[in-house]
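Chain by chain, the residues run as shown.
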Amino acid sequence: GDQIVTCDAVEMLACSLVSVSGSFLPTDICRLQRQTPGCLDRHASGTLGITMLDGPLKVGTRGSPLALAQAYETKRRLAAAFPDELGADDAVEIKIIKTTGDMVLDKALKELGGKGLFTKELDVQLLNGEVDICVHSMKDVPTWLVPGTVLPCNLEREDTRDAWISPNAASPSELPAGSIIGTASLRRQAQILARNPDVKCVNFRGNVQTRLKKLQEGVVDATLLAYAGLNRMNMTEHLTSVLEFDEMLPAVAQGAIGIQCREGDAEILRYLDALNHEETKLAVDCERAFLAALDGNCRTPIAGQARLVEGQLLFQGLIAKPDGSIIFETSRAGTPADAVQMGADAGAELKGKCGDDFETFFAGDDVAPEPVSSMSSKTTDGLGGYVEA
């Protein structure tokens, strides 16, 4: 019969996940599985992880406007690929899941723990069978996946570059001394300060709409966003310029959407196989291997990009001190079959350049606290924004 994970077990795991600074350990999942056999099944059928859908395919997603745009794009593609099975509007259901990263906006990502801030709560729902797939911005997904889950699908990638938004300058290097740039990203801060050390970077959290509103209030002189996000929401009218790789190398997996499911879920894997864009997945796998070799997260200024050019896979990556005083760069060229090895080798090379104390290399100036705005005293809505009075 049906084997549904117990409420007590879910609460135990959820409590261990939503801690602001707590780490997400494999033992948490193992303990849940031992206490509740079949917890990876919506309906256990004798084979772990096999799901037979008896209702809508449930899509887990964060609740920000960008996350929802990505979830509905996934729904559209599923309907187009499987019109007889998933073409009806009620065949695929979107389920919003609030995450720690969206609920706590007054702290830098580094202070919150750095890994899994936008995915932990989705992992719980996926393992519990409350959703069948989770749609992620790939740059938010830790390189270590929760046991019992896989990430077999990347949709075709958008433009991966960063968008520069400022009423005062066409690029970071053109801002006058003393200017304030809003960004929660140590990667962006390091590359900005390397070229313009006389500006200041401050924490700047929230969904795209929230950050644009803060910029319009004048609390900062500029901010940066992923161009892909603006493009997906048809908001490119806000950008001042798009930064090329030589000025701002993007984050690992930036611009890519990933879809996660339970391991061994044959029906869901069949759907996702049809949606996977192989060129994007090759590039993302290469970049994530680079990040994994460096044990990278939100606490570390790391950038990496791979792309296929005339059948050859090209990779470039960098690591930096948070203040931009030191940047180490590397590049690789190889065949698509070597994607993961290329990324891992590049990461090992840069790690070796940091010396014996890898952690000390990344120590230094963190992003400064966020300046006061009209939203400073408001309650967060759990969707990357604030509750309006």
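One can find the structure itself at the top, above this paragraph.
Rules used in this analysis
Residues numbered from 1 in each chain as written. Predicted model: local features only at pLDDT ≥ 70, side-chain atom pairs only at ≥ 80, totals over all residues. Heavy atoms only, no water. Helix = DSSP H or I, 4+ residues; strand = E, 2+ residues; numbered from the N terminus. Buried < 20%, exposed > 50% of the residue type's maximum accessible area, 1.4 Å probe, protein only. Contact = heavy atoms within 4.5 Å. Areas by Shrake-Rupley, 256 points an atom, 1.4 Å probe, with all protein chains shown as cover. Pairing = 2+ DSSP bridges. Axes fitted to C-alpha atoms, helices over the stretch in contact; angles between N-to-C directions. Expected span 1.5 Å × (residues − 1). Parallel < 35°, antiparallel > 145°, perpendicular 65-115°, else oblique. Left-handed = near helix turned anticlockwise from the far one by under 90°. Nonpolar A, V, L, I, M, F, W, Y, C, P; charged D, E, K, R; others polar. Salt bridge = Lys/Arg side-chain N within 4 Å of Asp/Glu carboxyl O. Core = buried A, V, L, I, M, F, W, Y, C linked by side-chain atoms within 4.5 Å. Polar contact = N/O pair within 3.5 Å; in protein donor to acceptor, adjacent residues only side chain to side chain.

## Focus: the overall build of the protein
So, point 1. Along the backbone of the protein there are 13 helices and 13 strands.
So, point 2. In the protein, which comprises 389 residues, the proportion classed as buried is 53%.
So, point 3. In the protein, the share of contacts with a sequence separation of at least 24, taken over all contacts with a separation of at least 6, comes to 71%.
So, point 4. When the accessible surface of the protein is summed, it comes to about 16,100 Å², and 50% of that surface belongs to carbon and sulfur atoms.

## Here's the deal with the sheet that holds strand β12 (residues 312–320)
So, point 1. Strand order across the open sheet formed by three strands is β11-β12-β13, with antiparallel pairing between neighbours. The outermost strands of the open sheet, each flanked by one partner alone, are β11 (302–309) and β13 (327–334). This sheet shows a mean twist of 10 degrees between the axes of neighbouring strands, independent of strand direction.
So, point 2. Here β12 pairs with β13 via eight bridges, running antiparallel. When the bridges of β13 are listed, Gly317 appears paired with Thr330.
So, point 3. Across the sheet, helix α7 (residues 186–195) is in contact with β11, β12 and β13; its angle to β11 comes to roughly 90 degrees.

## Quick word on helix α3 (residues 65–81)
So, point 1. Taking 1.5 Å per residue, 17 residues should reach 24 Å; α3 reaches 24 Å between its end C-alpha atoms and fits that length.
So, point 2. Residues of α3 that are buried include every one of Leu66, Ala67, Gln70, Ala71, Thr74, Lys75 and Leu78, and no others.

## Re the sheet that holds strand β10 (residues 257–262)
So, point 1. As summarised here, the arrangement of the five strands in space is β2-β1-β3-β10-β4, forming an open sheet in which the pairing is mixed. Both outer strands of the open sheet, β2 (92–96) and β4 (149–154), are each paired with one neighbouring strand and no more. Across the sheet, the axes of successive neighbouring strands diverge by a mean angle of 30 degrees, strand direction being ignored.
So, point 2. As judged from the four bridges shared by β4 and β10, these two strands associate in the antiparallel manner. When the sheet's bridge partners are listed, Val150 is paired in β10 with Cys261.
So, point 3. On the sheet, helix α6 (residues 120–127) packs against β1 (57–61), β2, β3 (133–137), β4 and β10 and is oriented at approximately 165 degrees with respect to β3.

## Some points on the packing of helix α11 (residues 278–293) against helix α12 (residues 339–353)
So, point 1. The N-to-C vectors of α11 and α12 enclose an angle of 30 degrees; their axes lie 7 Å apart at closest approach. For the element pair α11 / α12, the angle class is roughly parallel. Crossing of α11 over α12 shows right-handed handedness. Between α11, through Leu282, Asp285, Cys286, Ala289, Phe290 and Ala293, and α12, the contact on the second element is made entirely by Ala339, Val340, Met342, Gly343, Ala344, Ala346, Gly347, Ala348, Leu350 and Lys351.
So, point 2. For the contact of α11 with α12, the class distribution of residues is twelve nonpolar, two polar and two charged.

## Topic: the pattern of salt bridges
So, point 1. A complete count under the given rule lists 19 salt bridges for this structure.
So, point 2. A salt bridge links Arg188 to Asp162, with the shortest nitrogen-to-oxygen separation between them at 2.5 Å. Here Asp162 lies in strand β5 (residues 162–165) and Arg188 lies in helix α7, a separation of 26 residues in the sequence. Asp162 carries the same exposure label as Arg188, and that label is buried.
So, point 3. Across the pair Arg270 and Glu267 runs a salt bridge, and its minimum N-O distance is 2.9 Å. Of this pair, Arg270 and Glu267 both sit in helix α10 (residues 266–275), three residues apart, roughly one helical turn.
So, point 4. On the basis of relative accessible area, Glu267 is assigned to the partly exposed category, the value being 24%.
So, point 5. Ionic contacts of the salt-bridge type, sharing partners, join the residues Arg62, Lys139 and Asp140 into one network.

## Focus: the nonpolar core
So, point 1. Core analysis: the largest hydrophobic core is formed by 26 residues, its most contacted members being Met138, Cys286, Phe290, Leu294, Ile302, Phe315 and Ile319.
So, point 2. If you list the elements that add at least two residues to this core, you get α11, β11, β12, α12 and α13 (358–362).
So, point 3. Among the elements that take part in this core, α11 stands out by supplying six residues, more than any other.
So, point 4. Those residues in contact with Phe315 that sit more than four places away from it in its chain are Cys286, Glu287, Phe290, Gly304, Gln305, Ala306, Thr330, Ser331, Arg332, Met342 and Ala346.
So, point 5. Membership of the second largest hydrophobic core comes to 20 residues, among which are Ile94, Ile257, Ile259 and Cys261.

## Topic: the side chain of Ser166
So, point 1. In this fold, Ser166 is placed in the loop between β5 and β6 (180–182).
So, point 2. One polar contact links the side chain of Ser166 to the main-chain amide nitrogen of Ala169, over a distance of 3.3 Å.
So, point 3. Those residues within four positions of Ser166 in sequence are excluded, and the remaining contacts are Leu175, Asp221, Ala222 and Thr240.

## Focus on the environment of Met138
So, point 1. Tracing the backbone shows Met138 in the loop between β3 and β4.
So, point 2. Given a relative accessible area of 3%, Met138 falls into the buried group.
So, point 3. C-alpha separation for the pair Met138 and Asn154, spaced 16 residues apart in sequence, amounts to 8.4 Å.
So, point 4. Beyond its immediate sequence surroundings of up to four residues, Met138 is in contact with Leu151, Asn154, Ala253, Ala256, Ile257, Gly258, Val284 and Arg288.

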